[in-house]
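Coordinates in review
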Amino acid sequence: MLSPCVARCGLNDDDYCMGCFRHIDEIVSWRTASDTQQAAICAQLPARKAALEGLENQHILSRAKWLAAEARLTSKD
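These numbers come from a predicted model, not from an experiment.

A look at the overall build of the chain
For the chain, the count of helices and strands is 3 helices and 0 strands. For the chain, the sequential pattern of α-helices and β-strands runs α-α-α. Since a compact globule built from 77 residues should have a radius of gyration of about 11 Å, the 12 Å found for the chain is in line with a globular shape. Along the first, second and third principal axes, the C-alpha atoms of the chain reach 35 × 30 × 20 Å. Sequence separation of 24 or more characterises 64% of the internal contacts of the chain that already satisfy a separation of 6 or more.

Observations concerning the pattern of salt bridges
Taken as a whole and assessed by the stated rule, the structure comprises 3 salt bridges. A salt bridge links Arg-72 to Asp-25, with the shortest nitrogen-to-oxygen separation between them at 2.3 Å. Here the residue Arg-72 occupies a position in helix H3 (residues 63-76), and Asp-25 occupies one in helix H1 (residues 24-29), the gap between them amounting to 47 residues. For Arg-72, a relative accessible area of 35% translates into the label partly exposed. Taking the shortest distance from any N to any O, the salt bridge between Arg-48 and Glu-26 comes out at 2.6 Å. With Arg-48 in helix H2 (residues 35-52) and Glu-26 in helix H1, the pair connects residues that are 22 residues apart, well separated along the chain. Accessibility expressed as a relative area gives 13% for Glu-26, which makes it buried.

Re the environment of Ile-24
Within the secondary structure, Ile-24 sits in helix H1. C-alpha of Ile-24 to C-alpha of Leu-73: the two residues are 49 residues apart in sequence and 10 Å apart in space. Those residues in contact with Ile-24, other than ones at most four positions away along the chain, are Leu-11, Asp-15, Leu-61, Lys-65, Trp-66, Ala-69 and Arg-72.

What about H2?
Helical geometry note: an α-helix holds 3.6 residues per turn, so side chains three or four residues apart project in the same direction. In this model, H2 (18 residues) spans 25 Å end to end at C-alpha, consistent with the 26 Å of a helix rising 1.5 Å per residue. Of the residues making up H2, those classed as buried are Gln-38, Ile-41, Leu-45, Arg-48 and Leu-52. Considering only its buried residues, H2 is in contact with H1. Gly-54 sits one or two positions beyond H2 and adopts a positive phi of about 90°.

What counts and what doesn't
Residue numbers restart at each chain and count upward from 1, following the sequence in its written direction. In keeping with the predicted nature of the model, local features appear solely for residues at pLDDT of at least 70, side-chain atom pairs appear and are counted solely at 80 or more, and the whole-chain, interface and lining totals rest on all residues. With hydrogens and water stripped out, all remaining heavy atoms of the structure feed into the side-chain values. Secondary structure elements follow DSSP: runs of H or I of four or more residues count as helices, runs of E of two or more count as strands, with numbering from the N terminus. Atoms considered for the radius of gyration are the C-alpha atoms alone. The globule rule reads 2.2 Å times the number of residues to the power 0.38. By the convention used here, residues are in contact when the closest approach between their heavy atoms is within 4.5 Å. The term salt bridge refers to a pairing of a side-chain nitrogen on Lys or Arg with a carboxyl oxygen on Asp or Glu at a separation within 4 Å. Note on classification: 1.4 Å probe, protein chains only; a residue is buried when its accessible area is under 20% of the maximum for its type, exposed when over 50%, partly exposed between these limits. Given a helix with a known number of residues, its expected span is that number minus one, times 1.5 Å.

The values reported here are purely geometric and, on their own, carry no functional implication.
This is the structure in structure tokens:
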């Protein structure tokens, strides 16, 4: 499945991207997620978009944030 990324990355205070509306953990794990997991994430995006409409990016999706999410996800395995 293609990524829903729209190349407008910016996280709100809850670490949801205001471009694609995925959580940073979903973004980081996208490549290793199964098709079923990716489809489940995509199914949630319209509701998230509606809930987050009008909010602005609060933080850039920095390498440090990416690595922190990656470490958190790796420790769950």
